[in-house]
Amino acid sequence: QKCLSLIKKTKFLNAYITVSEEVALKQAEESEERYKKGHSLGDLDGIPVAVKDNFSTSGIETTCASNMLKGYVPPYNATVVQKLLDQGALLMGKTNLDEFAMGSGSTDGVFGPVKNPWSYSKQYREKRKQKPHGENEETNWLITGGSSGGSAAAVSAFTCFAALGSDTGGSTRNPAAHCGVVGLKPSYGLVSRHGLIPLVNSMDVPGILTRCVDDAATVLGVLAGHDCKDSTTVQDPVKSFILPSLTDVSKLCIGIPKEYLVPELSSEVQSLWSKAAKLFESEGAKVIEVSLPHTSYSIVCYHVLCTSEVASNMARFDGLEYGHRCDINVSTEAMYAATRREGFNDVVRGRILSGNFFLLKENYENYFIKAQKVRRLIANDFVNVFNSGVDVLLTPTTLSEAVPYVEFIKEDNRTRSAQGDIFTQAVNMAGLPAVSVPMALSNQGLPIGLQFIGRAFCDQQLLTVAKWFE
Ligand code: GLN
């Protein structure tokens, strides 16, 4: 009840696309019943959770914040959604995002941008000398980051305890950093993608947003494991993710990638990053500078691979099978074209065009194949560093704190999305686990997060270090 009333109170944040009030109340009653009757309880029994609107939910509209899927009601639950429900979680609703999760602001969906709850914090307002204001003021509010901005805002505004995001190039970690919550991208293959509407199949991972690292570990424990409906998931049984309390970090080796010190990095984030490194050092950990020499190619490489997979993925939206269909019927081709023009925004259309260009017969070798080779070099950079004895890498999550919406939309949205993901995209190309943890408030009173990156399938170790740090 409390979470539902907070959802209503914070409606102006635009964090939710659909609020599934009736479903949540019914699930809460059932949970209460289980408790009263002394039945065994699930790991998340009675816990309110929210789900990004690119995960299929049986009987509940799933839009990807796109005209293309407005009104589409899936007949089944994504595996991760089903797993949450099987453990007794209450589904509060579906959260807002950039259209088809393409973006890093949560500003580009058809339901409008998500507002960062920190825009309304007392501290931020006092620093900016703004009068306390109501919910209607339209100036100066900050973006949440994205594309899982709705999920990050939902957790940050206390409307749920955990939310699912998706992470293809940073979409869980980036909004987590901007909204002051924990954002976990698990190892590729640890968590099923079945029912997550794909963006880039070879990089997509369901993400977890929570208020603390222990909560993220609990949810990961519920979600992780083999799924016969996703052939890329692990075969081996997954152990639970109950985190030990680390008291001694002196055996840890923390790597600081020198290529991540980019000129665009804000001085405040940079100084918090070195402060964190010093903290580990003062507690006895070994902190060393390491090199990921192919970092400078990662944005371009991601772009070629992402758009190529997008072009192929988006072919399923043709007006016949799902969602929107225009009423032009002169020919099938004309119907396809008009449906796709009406259904997709310009970011999605732009990526389909780029991707199809890279996949043309005459470009395929030169772009797509080459990018795949570069991807391997980028992934090997991480392998080499971990083989040299480094346990986790410590990096910033974002270039700066959250920026006002009016600033963010000034730049072309394609460049915007690319540059901001510099610290997060390579991790997806390498399939590694990474987590963004809130570190401190900036001078403006806004949260800044730092990222830990771990060895593939060492999610437990990664979270244990993150828990020590938080
Ligand atoms: N910003 C990146 C993109 O637009 C990442 C998106 C994501 O992780 N879903 O491709």
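Residues numbered from 1 in each chain as written. Predicted model: local features only at pLDDT ≥ 70, side-chain atom pairs only at ≥ 80, totals over all residues.

The chain has the name Glutamyl-tRNA(Gln) amidotransferase subunit A, mitochondrial in an unreviewed UniProt entry, where Myotis brandtii is given as its organism. Of the comments in the UniProt record for the chain, the one headed Function (unreviewed entry) reads "Allows the formation of correctly charged Gln-tRNA(Gln) through the transamidation of misacylated Glu-tRNA(Gln) in the mitochondria. The reaction takes place in the presence of glutamine and ATP through an activated gamma-phospho-Glu-tRNA(Gln)." You can read under Subunit (unreviewed entry) in the UniProt record for the chain the words "Subunit of the heterotrimeric GatCAB amidotransferase (AdT) complex, composed of A (QRSL1), B (GATB) and C (GATC) subunits." (UniProt positions renumbered as here; feature names shortened; annotations may be inferred.)

**Student:** For this particular structure, what's the right way to read the overall build of the chain?
**Tutor:** Of regular secondary structure, the chain possesses 16 helices and eleven strands. Split into buried and exposed, the 470 residues of the chain put 53% on the buried side. For the chain, restricting intrachain contacts to residue pairs at least 6 apart in sequence, the fraction spanning at least 24 positions comes to 78%. (Helix = DSSP H or I, 4+ residues; strand = E, 2+ residues; numbered from the N terminus. Buried ≥ 20, exposed ≤ 12 C-beta atoms within 10 Å, placed from the backbone. Contact = placed C-beta atoms within 7 Å.)

**Student:** For this particular structure, what's the right way to read the pairing of strand β6 (residues 205-210)?
**Tutor:** Most of β6 is tucked away, with six of its six residues classed as buried. Both faces of β6 are covered, namely the face carrying V205, G207 and L209 and the face carrying P206, I208 and T210. Where strand β4 (residues 162-167) lies against β6, six bridges are found, and the strand directions are antiparallel. Bridge pairing in β6 links S166 to P206. Bridge analysis of strand β5 (residues 182-185) against β6 gives three bridges, and the strand direction is antiparallel. Residue pairing for β6: L184 is matched across the bridge by I208. (Pairing = 2+ DSSP bridges.)

**Student:** Explanation requested: the UniProt feature "active site" (unreviewed entry) in the chain in the structure shown.
**Tutor:** Under the UniProt annotation, the feature "active site" (unreviewed entry) is placed at K52, S147 and S171. For the residues just named, distributed over 120 residues, the greatest C-alpha separation is only 11.0 Å, placing them together at one site. By secondary structure assignment, the location of K52 is in strand β2 (residues 48-52). Overall, K52 belongs to the buried group, with 32 C-beta atoms counted inside 10 Å. Residues in contact with K52, not counting those within four places in the same chain, are T95, L97, S148, G150, S151, L164, G165 and S166.

**Student:** Looking at this model, I keep getting lost on the nonpolar core. Mind explaining?
**Tutor:** Generally speaking, nonpolar side chains in soluble globular proteins are found buried as a group. Counting residues in hydrophobic clusters, the biggest one holds 125 residues, and the most contacted among them are V49, C160, A163, A216, V435 and F452. The element contributing the most residues to this core is helix α7 (residues 213-223), with seven residues. If sequence neighbours within four positions are ignored, F452 has contacts with V392, L393, L394, A434, V435, V437, L462, V465 and A466. (Core = buried A, V, L, I, M, F, W, Y, C linked by C-beta atoms within 7 Å.)

**Student:** Would you mind showing me how to read the packing of helix α9 (residues 298-313) against helix α12 (residues 365-387) here?
**Tutor:** Working note: a packed helix pair is described by the angle between its axes plus the distance between those axes. Between α9 and α12, the least distance of the axes is 9 Å, while the angle of their chain directions is 130 degrees. Taken together, the axes of α9 and α12 lie oblique to each other. In this structure, α9 crosses over α12, and the sense of that crossing is left-handed. In this structure, α9 uses S298, C301, V304, L305 and S308 to contact α12, whose residues at the interface are Y367, F368, A371, V374, R375 and I378. Considering only residue class, the contact of α9 with α12 consists of eight nonpolar, two polar and one charged. (Axes fitted to C-alpha atoms, helices over the stretch in contact; angles between N-to-C directions. Parallel < 35°, antiparallel > 145°, perpendicular 65-115°, else oblique. Left-handed = near helix turned anticlockwise from the far one by under 90°. Nonpolar A, V, L, I, M, F, W, Y, C, P; charged D, E, K, R; others polar.)

**Student:** What should I look at first to understand the sheet that holds β4 in this one?
**Tutor:** The pairing of strands in a sheet comes from backbone hydrogen bonds and takes either a parallel or an antiparallel form. Read across the sheet, eleven strands follow the order β1-β3-β2-β4-β6-β5-β10-β11-β9-β7-β8 without closing on themselves; strand pairing throughout is mixed. The sheet terminates laterally at β1 (16-19) and β8 (286-290), the two strands that pair on one side only. For this sheet, the mean angle separating the axes of adjacent strands, direction not counted, is 30 degrees. Most of the contacts of helix α2 (residues 21-36) go to strand β3 (residues 90-95), to which it runs at about 160 degrees, and overall it touches β1, β2 and β3. Sheet strands touched by α7: β4, β5, β6 and β10 (434-441). Its angle to β6, the strand with the most contacts, is close to 145 degrees.

**Student:** It is not clear to me how the site of the ligand should be interpreted in this structure. Could you clarify?
**Tutor:** What surrounds the ligand is a group of 15 residues, the closest being A101, S104, T168, G169 and S171. In terms of residue class, the shell around the ligand is built from four nonpolar, nine polar and two charged. (Near = placed C-beta within 6 Å.)

**Student:** Would you mind showing me how to read the pairing of β3 here?
**Tutor:** Every other side chain in a regular strand lies on the same face of the sheet, so the side chains alternate between the two faces. Summarising burial for β3: six of the six residues are buried, a large majority. By the bridge criterion, three bridges tie β1 to β3 in an arrangement that is antiparallel. Counterpart to V19 in the pairing with β3 is G93. Since β2 and β3 lie parallel, the crossover through helix α3 (residues 79-86) that links them has a hand, and here it is right-handed. (Right-handed = clockwise from strand over helix to strand, strands pointing away.)

**Student:** I would appreciate a short explanation of unusual backbone geometry in the present structure.
**Tutor:** When glycine is set aside, most residues are seen to have a negative phi, and most peptide bonds are trans. Residue S147 is bonded to the preceding G146 through a cis peptide linkage, with omega at 10 degrees. If you trace the backbone, S147 turns up in the loop between α4 (122-127) and α5 (149-156). One non-glycine residue with positive phi stands out, namely F100, at about 55 degrees. Topologically, F100 is positioned in the loop between β3 and α4. Unusually for a residue other than glycine, A101 sits at a positive phi of about 65 degrees. Accessibility expressed as a C-beta count within 10 Å gives 29 for A101, which makes it buried.

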